[in-house]
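# Chain and residue survey
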Amino acid sequence: MYFLNETVHQFFNEAWEVLGSNDEQRISDWVSQFEIWGPLIIVGAMVLQMFMFIIPSFLLMVVTIIAYGPWLGSGIILVAIFTASTIGYGVGVNFGTPVIQRILGEKTEKKITGFLEDYGFWAVIVTRVSPFLSNDAISIIAGMLRMGYWKFIASTMLGILPLTIIIAVLGQNNESMKTGLIWVGAISLLGFIGYVWWDRKRKNKESVNH
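Residues numbered from 1 in each chain as written. Predicted model: local features only at pLDDT ≥ 70, side-chain atom pairs only at ≥ 80, totals over all residues. Heavy atoms only, no water.

Here is the rule: UniProt positions are given in the numbering used here, feature names are shortened, and annotations may be inferred rather than shown by experiment.
Per an unreviewed UniProt entry, the recorded name for the chain is TVP38/TMEM64 family membrane protein, and the organism is Cyclobacterium qasimii M12-11B. Here is the UniProt Subcellular location (unreviewed entry) comment for the chain, exactly as written: "Cell membrane". Its UniProt record gives the chain a comment under Sequence similarities (unreviewed entry), which states: "Belongs to the TVP38/TMEM64 family."

Printed below as a string of structure tokens:
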């Protein structure tokens, strides 16, 4: 349809240009004009950005709150993240394993899988809640490494919830929102590093005692 229909061609060209502009207000105004279809465009953009990186997921979240308000916007964000994460996980499960084994080798792949089994739940939460970390590919990686789906989706939603709340509450004040996100991201990241350090120290101590 993109190549055969001029209207479709123009729509996708405009969508690509607007979504790639990183202009929050411009994206918000563009999405709002589609009324009931707007949320579906948000969900679709959230899925596409995992593979095309045309727009950061964090920016899409801010745009959603600006366009639809804190309550409806938060609901749309959670649905979009759930949908995108599930699709990304499925891609990783069905197409990812041969690729990651070819890149890392079977031995290294098993070590990473073990690490994800030990810390995957908290690792996904930290990746989702921290604005410092890129979480675009976390769903595909979790699928690649065969992290349990329900464990993955639970950690994804738990991680994205505080980030969504902060954006919903402080979305109209950029400076306050940035400060809040920095604190949440830093605390969650430091907490995870501390947990990994403590857990490894505990395991080393147990191995020495045995």
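## Here's the deal with the UniProt feature "transmembrane region" (unreviewed entry) in the chain
For clarity, the threshold we go by: For the purposes of this entry, the term helix denotes a DSSP run of H or I that reaches at least four residues, the term strand denotes a run of E that reaches at least two, and both are numbered from the N terminus.
As recorded in UniProt, the sites labelled "transmembrane region" (unreviewed entry) are residues 36-69, 76-100, 149-169 and 181-198. In residues 149-169, helix accounts for 100% and strand for 0%; the two terminal C-alpha atoms are 30 Å from one another. Along residues 181-198 one finds 100% helix and 0% strand; the C-alpha atoms at either end are 26 Å apart.

## Comments concerning helix H4 (residues 57-68)
What counts is decided by this rule: What a helix should span is 1.5 Å times the count of its residues minus one. For each residue, the accessible area found with a 1.4 Å probe, counting protein chains only, is set against the maximum for its type, and the residue is called buried under 20%, exposed over 50%, and partly exposed in between.
Counted at 1.5 Å a residue, the expected span for H4 with its 12 residues is 16 Å, and the 16 Å between its end C-alpha atoms agrees. Buried residues dominate H4, accounting for 9 of its 12 residues. Two residues or fewer after H4 comes Gly69, characterised by a positive phi angle close to 85 degrees.

## A word on the packing of H4 against helix H8 (residues 149-170)
Where we set the bar: Convention adopted: a line fitted to C-alpha atoms gives each axis, helices being fitted over their contacting stretch, and angles between N-to-C directions are expressed from 0 to 180 degrees. In what follows, roughly perpendicular refers to angles from 65 to 115 degrees, roughly parallel to angles under 35, roughly antiparallel to angles over 145, and oblique to any angle outside these ranges. Helix crossings fall into two classes, left-handed where the near helix is turned counterclockwise from the far one by less than a right angle and right-handed where it is turned clockwise. When checking whether two residues touch, look at their non-hydrogen atoms; a contact exists if any pair is within 4.5 Å.
Put simply, H4 and H8 touch, their axes get as near as 10 Å, and they point 45 degrees apart. By the criterion of interaxial angle, the relationship of H4 to H8 is oblique. Our pair here, H4 against H8, has a crossing hand that is right-handed. Contact residues: H4 offers Phe58, Met61, Val62 and Ile65, while H8 offers Ile160, Leu163, Thr164, Ile167 and Ala168.

## Section: the environment of Ile160
Relative to the elements of secondary structure, Ile160 occurs in helix H8. Note: C-alpha distance between Ile160 and Thr127 (33 residues apart in sequence) is 9.1 Å. If we skip the residues at most four places from it in the chain, Ile160 touches Met61, Leu78, Ile81 and Arg128.

## As for the packing of aromatic side chains
What counts, and what does not: Note on aromatic pairs: the rings of Phe, Tyr and Trp (six-membered ring only in Trp) are paired at centre separations within 6.5 Å, and the planes decide the class, stacked below 30 degrees, edge-to-face beyond 60, tilted for the rest.
With the rule as written, the count across this model stands at 3 aromatic pairs. Between Tyr149 and Trp150 the ring centres are 4.9 Å apart and the planes differ by 70 degrees, which places this aromatic pair in the edge-to-face class. For Trp150, a relative accessible area of 65% translates into the label exposed. Joined through ring pairs, the aromatic side chains of Tyr89, Tyr149, Trp150 and Phe152 make up one cluster.

## Re the nonpolar core
The condition is simple: For the purposes of this section, nonpolar cores are sets of buried Ala, Val, Leu, Ile, Met, Phe, Trp, Tyr and Cys residues that join through side-chain atoms within 4.5 Å.
Core analysis: the largest hydrophobic core is formed by 30 residues, its most contacted members being Met46 and Met61. Put simply, the parts of the chain that give this core at least two residues each are helix H1 (6-19), helix H2 (24-32), helix H3 (38-52), H4, helix H5 (70-104) and H8. Here Met46 is in contact with Ser57, Leu60, Met61, Ala80, Ile81 and Ala84, once residues within four sequence places are set aside. Ranked by size, the runner-up nonpolar core spans 7 residues in total, among them Ala142, Met147, Phe152 and Ile153.

## Regarding the side chain of Ser74
Within the secondary structure, Ser74 is located in helix H5. Take Ser74: its relative accessible area is 14%, and that puts it in the buried class. Not counting the four nearest positions on each side in its chain, Ser74 is found in contact with Ile65, Gly69, Thr164 and Ala168.

## Some details on the environment of Phe58
Checked against the element boundaries, Phe58 lands in helix H4. Expressed as a C-alpha distance, the spacing of Phe58 and Ile167, which sit 109 residues apart in the sequence, is 9.3 Å. Contact partners of Phe58, with chain neighbours within four places excluded, come to Ile167 and Leu181.

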